[in-house]
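A closer look at the structure
Okay, here's what each chain looks like letter by letter:
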Amino acid sequence: MQNHEEARLDALHQLGLLDTAPSESFDRITRMASQIFGLPIAAVSLTDRDRQWFKSRVGVEHQSIPRDKAPCAAVAESASTVLIPDLLADTFYADSVLAGQGIRFYAGASLTTRDGFSLGALCVLGTEPRTATPAEMAALHDLAQMVMAQIELQHAFGRIDPLSGLPNRTQFLDDLADLGRDTPGRPRLAVLVDLARGEQLNNGVRAMGSAYVDAMVRDAARALRTLLGPDRTAYHVAATQFAFLAPDGVDEGRYVEQLGALVHRLRARSSVQFVMTTSVGVAPFVTGETPPETVLRTMHSAALDARALETPVSLYSTAQDSLHQRRFRLLADFGAALEQPSQLRLVFQPRIDLATRRCVGAEALLRWTHPELGEISPAEFIPIVEQTSLARPTTARVLDIGLAQLGAWSAAGIDIKLSINVSAANLAESDFAQQVELHLLRHRVAPRLLELEVTESAIMDDAGTATAQLAMLDEAGIRLAIDDFGTGYSSLAYLQRLPASVVKIDQSFVRDLCRGERERTLVRSMIALSHGLGYRVVAEGVETAEMVGILMAMGCDEAQGYFFARPMEASDFERWFAGGDPALQAA
Ligand code: C2E
Ligand code: MG
Ligand code: MG
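Every chain's residues receive numbers from 1 upward, in the order its sequence appears when written. To label them, take the chains in the order written and letter them from A, then take the ligands in the order written and number them from 1. The model is predicted, so local features are restricted to residues of pLDDT at least 70 and side-chain atom pairs to those at 80 or more, both for listing and for counting; the totals for chains, interfaces and linings are taken over all residues. Hydrogens are left out, water is left out, and the side-chain values use all remaining heavy atoms of the structure.

Going by what an unreviewed UniProt entry lists, the protein chain is known as Diguanylate phosphodiesterase and is assigned to Sphingomonas hengshuiensis.

So this is what it looks like as structure tokens:
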């Protein structure tokens, strides 16, 4: 009995009706009940743990009365109609609160949910004893059912997707929470079906109109419902995403395989032959332990993995997820870093002319000290930033700090060139060359002192605009270097038409120099080829005296690497430059 009452209270509380504002749709029914009986008092009275709370009332001033000895509580407890012709004549109710307030007559019909729980009563009360005809009682019963229909309607509102008719994300989250309460501590699998990539959808809407996409979604919903059968619920959790739970106790690996077949059948069943690629994400979770929002997020993450890997189904991976979360966080925080002068700074790594052993230049390398995560390597954050609109302000910032420093060094008699790395996105800006020239003017630096490093792939990304920008930079007297040479897929025939004057051989080739003759032949050919095309050659990542010897023998022009110096803070660089480095003299 106690259990049933707890479940009943739970059902009541979940409806979220208690302590909500009055509503005309309930008041209308209450008024009708009062008119049918010709009585001044009627109410929709909900039986809470220790009060009767009135969702709707006529002729009563209080919002609630104590549950103890309230006739409505008897309705809720028995889930059946209660009729009391005279409270004073009733041994149980004679000393009740209602009787004390002069109430004599009571009739209440149960507000019963589909699950058989009574939430309380639709009741009529009178100050005189009376009886009720069967017709009156039947009407009261009908009105109680109308109240329930209204309650269910309100509850469903905002929980059913109007397009597919399936329960929505709110319902999915609520049901997960319920499951956690009912059967806690069980490992389960949640599945997300993502119908199409964002751009496929946009293309669909653009070409065929939104009705086309609506039809596709409705169709997929129907197919999914059929495949899951009547006992399992499919949820419509986002515009083109559906979710459901795998049956309890399935084997993870086997189930992922089965889902592959499901995707197949889903496509086959759909009348709209979509030009869409469906991907499915599966996320393991533990009922009552994994927060519902996390289930939603992790299965979504898995579906995105499936998309990226171009497999139909993917199981949630913590590693992938934390990688994405970190990427997302870095990207979000880098915007703030650009606004604050303290987080970003440049360090400088010398470039050595191998013939004279003198430092002829330096490469500016960006450093980011994240307020919580500490030092973040540019190898991690630059590739993320480069894919966004932040690439432009980032390079602008590096040019600004770098050229200010170079200006100061020139004035102090430190006669070197400065190399700055630029991103593919920069070369796609139509005014990039102009911006660089403005920076040079502002800091009073001669164009010949600036070198821009561009990777092969950056040039190949958008070859048209890139070459136009590079030509303008060249005309302005700014040197260009091809960075990480050998790692891209560009054709030399193409590269030789670029106005670059320097090739920087990627450190992966330099690192392998001491491994064997094949590796050395490769580098030797790269140097010969570059010289043949008129480039000056720089070796990156030179770490040992042995490498220096080999590179000199091959005729390499310049070198950069830990053997000579690591990237240094500006002040350290100055000291290094003035003192000459022991490694420089020793080598
Ligand atoms: P990169 O342009 O090829 O720069 C050379 C990288 O090699 C630097 O890493 C440098 O510290 C490292 N390095 C230099 N000598 C040695 C060596 O002897 N051994 C080894 N193992 N490494 C050496 P860093 O500073 O971590 O930068 C990584 C990449 O991030 C750069 O590669 C560049 O592509 C990018 N990057 C750095 N700063 C900027 C920037 O301001 N703008 C843009 N767009 N990219 C930048
Ligand atoms: Mg570089
Ligand atoms: Mg490089």
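**Observations concerning the coordination of the magnesium ion (ligand 3)**
Put simply, the test is: Here the coordinating atoms are restricted to nitrogen, oxygen and sulfur within 2.8 Å of the metal centre, or 3.2 Å for Na, K and Ca, and because water is not among them the sites may look incomplete.
Looking at the magnesium ion (ligand 3), the protein donor atoms are Asp-483 (OD), Asp-484 (OD), Glu-540 (OE) and Glu-540 (OE), and they sit 1.9 to 2.5 Å from it. Mapping the donors of the magnesium ion (ligand 3) onto the primary sequence yields the spacing D-D-x55-E.

**Some remarks on the sheet that holds strand 4 (residues 82–84)**
Note the threshold: Pairing between strands requires that DSSP locate at least two bridges from one strand to the other. Counting from the N terminus, the helices are the DSSP runs of H or I reaching at least four residues and the strands are the DSSP runs of E reaching at least two. All axes are obtained by fitting lines to C-alpha atoms, using only the stretch in contact for helices, and the reported angles, taken between N-to-C directions, cover 0 to 180 degrees.
In space, the six strands of this open sheet follow the order 3-2-1-6-5-4, with antiparallel pairing throughout. A strand with exactly one partner marks an edge of an open sheet, and here the two such strands are strand 3 (64–66) and strand 4. Each strand axis lies, on average, 25° off the axis of its neighbour in the sheet, ignoring direction. In this structure, strand 4 lies alongside strand 5 (residues 105–112), joined through three bridges in antiparallel fashion.

**Some thoughts on helix 13 (residues 391–411)**
The criterion, for reference: An expected span of 1.5 Å times one less than the residue number is assigned to each helix. A 1.4 Å probe rolled over the protein chains alone gives each residue an accessible area, and that area as a share of the maximum for its type sets the label: buried under 20%, exposed over 50%, partly exposed in between.
End to end, helix 13 covers 30 Å across 21 residues, agreeing with the expected 30 Å (1.5 Å per residue, within 8%). Among all positions of helix 13, only Ala-391, Thr-394, Thr-395, Arg-397, Val-398, Leu-399, Gly-402, Leu-403, Gln-405, Leu-406, Gly-407 and Trp-409 are buried. Phi for Gly-413, located one or two positions after helix 13, is positive at around 85°.

**Details of the coordination of the magnesium ion (ligand 2)**
Put simply, the ideal angle at a metal is 109.5 degrees for four donors in tetrahedral geometry and 90 or 180 degrees for six donors in octahedral geometry. Bound to the magnesium ion (ligand 2) are the protein donor atoms Glu-363 (OE), Asn-421 (OD1), Glu-453 (OE) and Asp-483 (OD), situated 2.0 to 2.3 Å from the metal. Counting the intervening residues between successive donors of the magnesium ion (ligand 2) yields the motif E-x57-N-x31-E-x29-D. In this structure, the magnesium ion (ligand 2) lies 4.1 Å from the magnesium ion (ligand 3), and both are coordinated by Asp-483. One end of the pair, Glu-363, is in strand 13 (residues 358–370); the other, Asn-421, is in strand 15 (residues 417–421), and 58 residues separate them in sequence.

**Here we look at the pattern of salt bridges**
The test is simple: A carboxyl oxygen of Asp or Glu within 4 Å of a side-chain nitrogen of Lys or Arg is what we treat as a salt bridge.
Enumeration over the complete set of coordinates arrives at 39 salt bridges. Note that Asp-178 and Arg-181 form a salt bridge whose closest N and O atoms lie 2.6 Å from each other. Pair noted here: Asp-178 and Arg-181 are both in helix 6 (residues 169–182), with a separation of three residues, about one helical turn. Look at Arg-181 and you get partly exposed, because its relative accessible area is 49%. Here the salt bridges do not stand alone but share partners, grouping Arg-351, Asp-353, Glu-451, Arg-479, Arg-536 and Glu-558 into one network.

**Focus: the site of ligand 1**
How we decide: Here a residue is considered near a molecule or strand provided that any single heavy atom belonging to it is located within 4 Å of it. For the purposes of these results, a polar contact is taken to be a pair of N or O atoms within 3.5 Å, where, inside protein, one atom must be able to donate a hydrogen and its partner to accept one; residues adjacent in sequence count only when each atom of the pair is a side-chain atom. Calculation of accessible area relied on Shrake-Rupley with a 1.4 Å probe; when residues are assessed, cover is drawn exclusively from the protein chains displayed. Gly is placed with the polar residues, together with every amino acid not listed as nonpolar (Ala, Val, Leu, Ile, Met, Phe, Trp, Tyr, Cys and Pro) or charged (Asp, Glu, Lys and Arg).
Gln-349, Arg-367, Asp-483, Glu-543 and Tyr-562 are the nearest of the 22 residues found near ligand 1. Contacts to ligand 1 include Arg-367, whose side-chain N or O atom sits 2.9 Å from an oxygen atom. Within the side chain of Glu-540, one N or O atom sits 3.1 Å away from an oxygen atom of ligand 1. Protein burial of ligand 1: of its 800 Å² of free accessible surface, 84% is covered by the chains. Elements with a minimum of two residues in the shell around ligand 1: strand 13, helix 12 (378–386) and strand 17 (479–485). Per element, the largest residue contribution to the shell around ligand 1 is four residues, and it comes from strand 13. Looking at side-chain class alone, the shell around ligand 1 contains eight nonpolar, six polar and eight charged residues.

**Points about the domain arrangement of the protein chain**
Selection criterion: Delimitation of the domains relies on an automatic or database domain assignment.
Domain boundaries in the protein chain define domain 1 (2–157), domain 2 (169–316) and domain 3 (342–586). Centre-to-centre separation of domain 2 and domain 3, based on C-alpha positions: 47 Å.

**Examining empty space enclosed by the protein**
Let me state the cut-off plainly: Definitions used for this entry: grid spacing 1 Å over protein atoms alone; cavity, a set of points where a 1.4 Å probe fits but cannot get out; pocket, an open set with protein on both sides within 12 Å along at least 5 of 7 lines; lining residue, one with an atom within 4 Å of a point. Grid points are joined across faces, edges and corners, and a volume is the space filled by probe spheres set on the points.
Within this structure, the stated rule accounts for one cavity of 30 Å³ or more. For the largest cavity, the calculated volume is near 30 Å³. Of the residues forming the lining of the largest cavity, the biggest block, three residues, is contributed by strand 17. Split into classes, the residues belonging to the lining of the largest cavity amount to eight nonpolar, no polar and no charged.

**Some remarks on the environment of Pro-447**
We count it as follows: The criterion used for residue contact is that any of the two residues' heavy atoms lie within 4.5 Å.
For Pro-447, the location among the structural elements is in the loop between helix 15 (432–442) and strand 16 (450–455). As a C-alpha pair, Pro-447 and Glu-437 span ten residues in sequence and 7.7 Å in three-dimensional space. Those residues in contact with Pro-447 that lie beyond four places of it in its chain are Leu-440, Ala-476, Gly-477 and Ile-478.

**With respect to the sheet that holds strand 7 (residues 187–194)**
Sheets are built from strands that pair by backbone hydrogen bonding, the pairs being arranged parallel or antiparallel. Spatial strand order, 8-9-7-10-11: five strands in an open sheet with mixed pairing. Only two strands of the sheet have a single partner each, and these edge strands are strand 8 (235–238) and strand 11 (313–315). With strand direction ignored, the average angle separating the axes of adjacent strands in the sheet is 30°. Bridge analysis of strand 8 against strand 9 (residues 241–245) gives three bridges, and the strand direction is antiparallel. Across the sheet, residue Tyr-235 finds its bridge partner in strand 9, namely Ala-243. Its contacts with the sheet place helix 8 (residues 210–228) against strand 8 and strand 9, and it is angled at close to 10° to strand 9. Strand contacts of helix 10 (residues 292–309): strand 7, strand 8, strand 9, strand 10 (279–286) and strand 11, with the helix running at about 145° to strand 10, the strand carrying the most contacts.

**Remarks on the packing of aromatic side chains**
The following threshold applies: Stacked, tilted and edge-to-face are the three classes applied to pairs of Phe, Tyr and Trp rings, where Trp contributes its six-membered ring and a pair requires centres within 6.5 Å; stacked means planes under 30 degrees apart, edge-to-face means over 60, and tilted covers the rest.
If you walk through the whole model with that rule in mind, you get eleven aromatic pairs. Between Trp-368 and Phe-381, the aromatic rings sit 5.4 Å apart at their centres with planes inclined by 90°, giving edge-to-face as the arrangement. Separated by 13 residues along the polypeptide, Trp-368 in strand 13 and Phe-381 in helix 12 bring together distant segments of the chain. Judged by centre distance (5.0 Å) and plane angle (75°), the rings of Phe-563 and Phe-564 are edge-to-face. A relative accessible area of 18% places Phe-563 in the buried class. In this structure Phe-564 comes out as buried when scored by relative accessible area, which is 2%. A connected cluster of aromatic rings, assembled from ring pairs, spans Phe-348, Trp-409, Phe-573, Trp-576 and Phe-577.

**Details of the nonpolar core**
Going by this rule: We define the nonpolar core as a collection of buried residues of types Ala, Val, Leu, Ile, Met, Phe, Trp, Tyr and Cys that are connected through side-chain atoms lying within 4.5 Å of one another.
Counting 78 residues, the largest nonpolar core has Leu-452, Val-542 and Leu-551 as its most contacted members. Residues within four places of Leu-452 in sequence aside, it is in contact with Ile-420, Val-422, Phe-432, Val-436, Leu-473, Ile-478, Arg-479, Leu-480 and Ala-481. If you look at the next biggest cluster of nonpolar residues, it comprises 31 residues, including Ala-234, Phe-242, Leu-259 and Val-280.

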